Amino acid sequence: MTAPFCPSLLRAADLAARPRSATALARSLGAAALAASATGCLVLSPPEYDHPEKTPPVLTAVFPPPHTPVHIDQVNKITNFHATVLSEDNGDPVKVRLYIDYGRLFIDTYPHRDALDQRSFPAGTIAGGQRPVTATLDRNFDDLPNDSTTEGECHTITMMASHAFNDLKCKCPDDPNDMSWITWQLIDCRADEPCPTSCPALDCETTPCRFCDDPALATECIRPEVDAGP
């Protein structure tokens, strides 16, 4: 609702702008306040703006499309995964990390086979829209596992976004309510071998599973060989 026009306030402001004694100025402002009250005019205070509430980051895949398996290039060992993130960060940067075989329980503790180095991206706002993020699988340094715990050449790569990761929680996000992820299927197969065209989805009824929102990770994520000591 638009506040009514108050000529008495305008006249008081004009009078207050003229040189006069402090006593006369006080009388003018008091009269203006009385006139505003009598005529029903509203004196509006300046609005107060709070910082928007911080939100979890939301990832959206850009390339490769997550519904299409990614065939590993046996020559070029670098694969980039592109997405966008949307969040209200309140000045905190968004961290992005890749996991190999996320969700598949490993060594009875870890919710992934490996966690790669994280990247940091500048803080943003929801009003500013989606921002691009990229994570890289470099197989010159990060080998894919090759054993009986996965089905042949099938793996997954998961991009996880959060405002903070915690190495003491199996390198998962520190807050299980502050995370978002995208998973791609990976097919690691030589060109001269018969390669599968797709991989089965993770079936937690037949395969032991674990995820980063498991509250037990706060106390159970130390690898047994590390905990045992020399």
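The present account deals with the structure reproduced in this document. Keep in mind that this is a model prediction, so the values were computed, not measured.

What counts and how
Residues numbered from 1 in each chain as written. Predicted model: local features only at pLDDT ≥ 70, side-chain atom pairs only at ≥ 80, totals over all residues. Heavy atoms only, no water. Pairing = 2+ DSSP bridges. Helix = DSSP H or I, 4+ residues; strand = E, 2+ residues; numbered from the N terminus. Axes fitted to C-alpha atoms, helices over the stretch in contact; angles between N-to-C directions. Polar contact = N/O pair within 3.5 Å; in protein donor to acceptor, adjacent residues only side chain to side chain. Contact = heavy atoms within 4.5 Å. Disulfide = S-S within 2.5 Å. Buried < 20%, exposed > 50% of the residue type's maximum accessible area, 1.4 Å probe, protein only. Salt bridge = Lys/Arg side-chain N within 4 Å of Asp/Glu carboxyl O. Phe/Tyr/Trp six-rings, centres within 6.5 Å; stacked < 30°, edge-to-face > 60°. Lys NZ or Arg CZ within 6 Å of the ring centre and 35° of its normal.

1. Some remarks on the sheet that holds strand β3 (residues 78–86)
1) Next: Pairing within the open sheet is antiparallel, and its three strands lie in the order β1-β3-β7. Looking at strand neighbours, the two that pair on one side only are β1 (58–63) and β7 (131–138), the edges of this open sheet. Neighbouring strand axes in the sheet, compared pairwise and without regard to direction, differ in orientation by 35 degrees on average.

2. Some points on the side chain of T158
1) Next: With respect to the helices and strands, T158 occurs in strand β8 (residues 154–162).
2) Next: Of note is the side chain of T158, whose polar atom sits 2.7 Å from the side chain of T183.
3) Next: Leave out the neighbours within four places in its chain, and T158 touches R97, L98, Y99, Y102, W181, I182 and T183.

3. What to know about the state of the cysteines
1) Next: If you walk through the whole model with that rule in mind, you get four disulfides.
2) Next: Here C172 engages in a disulfide with C212; their sulfurs sit 2.0 Å apart. Where C172 bonds to C212 through sulfur, the torsion about that S-S bond is close to -65 degrees, and the disulfide is left-handed. On the criterion of sequence distance, the pair formed by C172 in strand β10 (residues 172–173) and C212 in the loop between β11 (180–187) and α3 (217–220) is long-range, its members being 40 residues apart. The same class applies to C172 as to C212, namely buried.
3) Next: Here C221 is not cross-linked by a disulfide; its sulfur's nearest cysteine counterpart is in C170, at 3.5 Å.

4. Description of the pairing of β8
1) Next: For β8, the tally of buried residues reaches eight of nine residues, placing the bulk of the element in the interior.
2) Next: Where strand β4 (residues 94–100) meets β8, six bridges bridge the pair, whose relative direction is antiparallel. From the neighbouring strand, L98 faces β8, where its bridge partner is M159.

5. A word on the pairing of β11
1) Next: Where strand β2 (residues 70–71) and β11 come together, two bridges link them in parallel fashion. Paired with H71 across the two strands is I187, which belongs to β11.
2) Next: Summarising the sheet, β8 and β11 pair through eight bridges and their orientation is antiparallel. Note that in β11 the partner of T158 across the bridge is T183.

6. Considering the pattern of salt bridges
1) Next: Scanning all chains against the criterion turns up six salt bridges.
2) Next: R210 serves as the salt-bridge partner of E220, at 2.9 Å between the closest nitrogen and oxygen. With E220 in helix α3 and R210 in the loop between β11 and α3, the pair connects residues that are ten residues apart, well separated along the chain.
3) Next: Of the residues examined, R210 reaches a relative accessible area of 8% and is grouped as buried.
4) Next: Residues joined in a network through salt bridges with shared partners are R210, D214 and E220.

7. Observations concerning the packing of aromatic side chains
1) Next: Evaluation of the coordinates by the stated rule reveals four aromatic pairs.
2) Next: Arranged with centres 4.9 Å apart and planes meeting at 50 degrees, the rings of F81 and W184 form a pair that is tilted. Within this pair, whereas F81 is found in strand β3, its partner W184 is found in strand β11, the two being separated by 103 residues in sequence. No difference in accessibility class separates F81 from W184, as the two residues are buried.
3) Next: On the basis of an interplanar angle of 70 degrees and a centroid distance of 5.6 Å, the ring pair of Y102 and F211 is categorised as edge-to-face. Of this pair, Y102 sits in the loop between β4 and β5 (114–115) while F211 sits in the loop between β11 and α3, and the two are 109 residues apart along the sequence.
4) Next: Residue Y102 is classed as buried on the basis of its relative accessible area, which comes to 7%.
5) Next: Taken together, Y99, Y102, W181 and F211 form an aromatic cluster joined through their ring pairs.
6) Next: Across from the ring centre of F165, 5.2 Å away, lies the NZ or CZ of R97, which sits over that ring.

8. Regarding the environment of L59
1) Next: Along the polypeptide, L59 turns up in strand β1.
2) Next: You can call L59 buried: its relative accessible area is 9%.
3) Next: Spatially, the C-alpha atom of L59 lies 10.0 Å from that of H82, the residues being 23 residues apart in sequence.

In short, geometric facts, not functional conclusions.
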